[in-house]
Amino acid sequence: MADTMRAAVQRECDGLKTKALACSEEDKRAMDMLMEQAQDIANVRTEIGEDAALDLFSKCEATLATLLAARDQQAAHQETLGSFAAELGDEPSPRDVKAGFEASYRKRVSAAEQRSYAAAPEVRKLRRLREGAASSGAADGGADDDDDDVVMTQQQIINFKCPVLQVDMEPSGEMRPVFSTACAGKCVFSHCGIHGLLKRKQSIKCPNAACPNNELKASDLKESKEMVRALNKRAMEAE
């Protein structure tokens, strides 16, 4: 009985896997089109102006987040279809099959949600494009070259946005700037943003797309007096 049920489940899963693969191909095409659009924005940012370019990049990232979530769900679905029949216990009932499949799928989706969004190669490439860094080779998530460290150092001086929250930092309070002593470019974040990422993990990939540091820890963070001075200076100049 169990073998008969398992065989029936396997046939059903095999049929659904074909449909799932077709959906995955559609998602991949959508992702490729989005990244091409981001590259196009980077190519014309001088013509359309920085404000318009940043607005378009923000819309691209919102769409990217949706596509990445869909991709994770598709991957979890395919993995479940591929292994669920072997996971069935002895003499499973139809109700057991349904409940077991949903539990197996949710477990895989939950595992995918624990992965760092900022570490996805597509996110890193998009943020590099938005920040004006060279895009060549960024999608593979490989090690960054020395030029990227220079870019990061310059951005710390002129970019007041927290790379995690994409909101301007403030001289004090939860949005006060902190920097990482473990990052080559002493990457700067808002206290609220970076500690929010570190609540669930002991260490994370640095949210700055151009930074190669893969083990940023809370103990690496220090108050950024230099950025506080820069923020105060900007506020005085704006008055």
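Coordinates for the structure precede this section.
The structure displayed is predicted, hence computed values, not measured ones.

Basis of the calculations
Residues numbered from 1 in each chain as written. Predicted model: local features only at pLDDT ≥ 70, side-chain atom pairs only at ≥ 80, totals over all residues. Heavy atoms only, no water. Pairing = 2+ DSSP bridges. Helix = DSSP H or I, 4+ residues; strand = E, 2+ residues; numbered from the N terminus. Axes fitted to C-alpha atoms, helices over the stretch in contact; angles between N-to-C directions. Salt bridge = Lys/Arg side-chain N within 4 Å of Asp/Glu carboxyl O. Buried < 20%, exposed > 50% of the residue type's maximum accessible area, 1.4 Å probe, protein only. Core = buried A, V, L, I, M, F, W, Y, C linked by side-chain atoms within 4.5 Å. Contact = heavy atoms within 4.5 Å. Patch = residues over 30% accessible without salt bridge, like charges linked within 9 Å, V, L, I, M, F, W, Y side chains within 5 Å. Areas by Shrake-Rupley, 256 points an atom, 1.4 Å probe, with all protein chains shown as cover.

Chemist: For this particular structure, what's the right way to read the sheet that holds strand β1 (residues 177-180)?
Modeler: Strand pairing in a sheet relies on backbone hydrogen bonds, with the paired strands running either antiparallel or parallel. The three strands lie next to each other as β2-β1-β5, forming an open sheet whose pairing is antiparallel. Of all the strands in the sheet, just β2 (188-190) and β5 (221-223) have a single pairing partner and so form its edges. Strand-to-strand twist across the sheet, computed as the mean angle between neighbouring axes with direction ignored, equals 40°. Bridging between β1 and β5 involves three bridges; their strand directions are antiparallel. Each bridged residue has a counterpart across the sheet, and for S180 the counterpart in β5 is L221.

Chemist: How do you make sense of the pattern of salt bridges when you look at a structure like this?
Modeler: Where side chains of opposite charge bring their charged atoms close, a pairing between them can arise. A complete count under the given rule lists eight salt bridges for this structure. The partner of E50 in a salt bridge is R45, and the shortest N-O contact between them spans 2.7 Å. Overall, E50 belongs to the partly exposed group, its relative accessible area being 41%. Classification of R45 by relative accessible area gives buried; the value is 12%. The partner of R130 in a salt bridge is E61, with the nearest N and O atoms 2.9 Å apart. Pair noted here: R130 is in helix α5 (residues 121-130) and E61 is in helix α3 (residues 50-87), with a separation of 69 residues, a long-range link. Of the two residues, R130 and E61, both sit in the buried class. The structure contains a network of salt bridges with shared partners spanning E61, R127 and R130.

Chemist: What am I meant to see in the nonpolar core here?
Modeler: One recurring pattern in soluble globular proteins: nonpolar side chains tend to sit buried together. If you look at the biggest cluster of nonpolar residues, it comprises 19 residues, and the most contacted ones within it are F189, I194, C206, L216 and L221. Looking at this core, the elements with two or more residues in it are β1, β2 and α8 (225-238). Beyond its immediate sequence surroundings of up to four residues, I194 is in contact with V164, V178, F189, I204, P207, L216 and L221. Ranked by size, the runner-up nonpolar core spans 16 residues in total, among them I41, L64, L68 and V123.

Chemist: Quick question: what am I supposed to make of α5 here?
Modeler: Of all the 10 residues making up α5, nine are buried; the element is thus mostly covered by neighbouring parts of the structure. Looking one or two residues past α5, G132 carries a phi angle of roughly 90°, positive in sign.

Chemist: Could you clarify how one ought to interpret a nonpolar patch on the surface in this entry?
Modeler: A contiguous nonpolar surface patch, about 200 Å² in accessible area, is contributed by V44, I48 and L56. Mapped onto the secondary structure, L56 falls in helix α3.

Chemist: What exactly am I supposed to notice about the environment of C206 here?
Modeler: In this fold, C206 is placed in the loop between β3 (203-204) and β4 (216-217). Residue classification places C206 among the buried residues on the basis of a relative accessible area of 2%. Distance from C206 to C187, taken between C-alpha atoms, is 8.2 Å for residues 19 residues apart in sequence. Not counting chain neighbours up to four residues away, the residues in contact with C206 comprise C183, C187, F189, C211, N213 and L216.

Without other data, these values stay purely geometric and don't point to any function.
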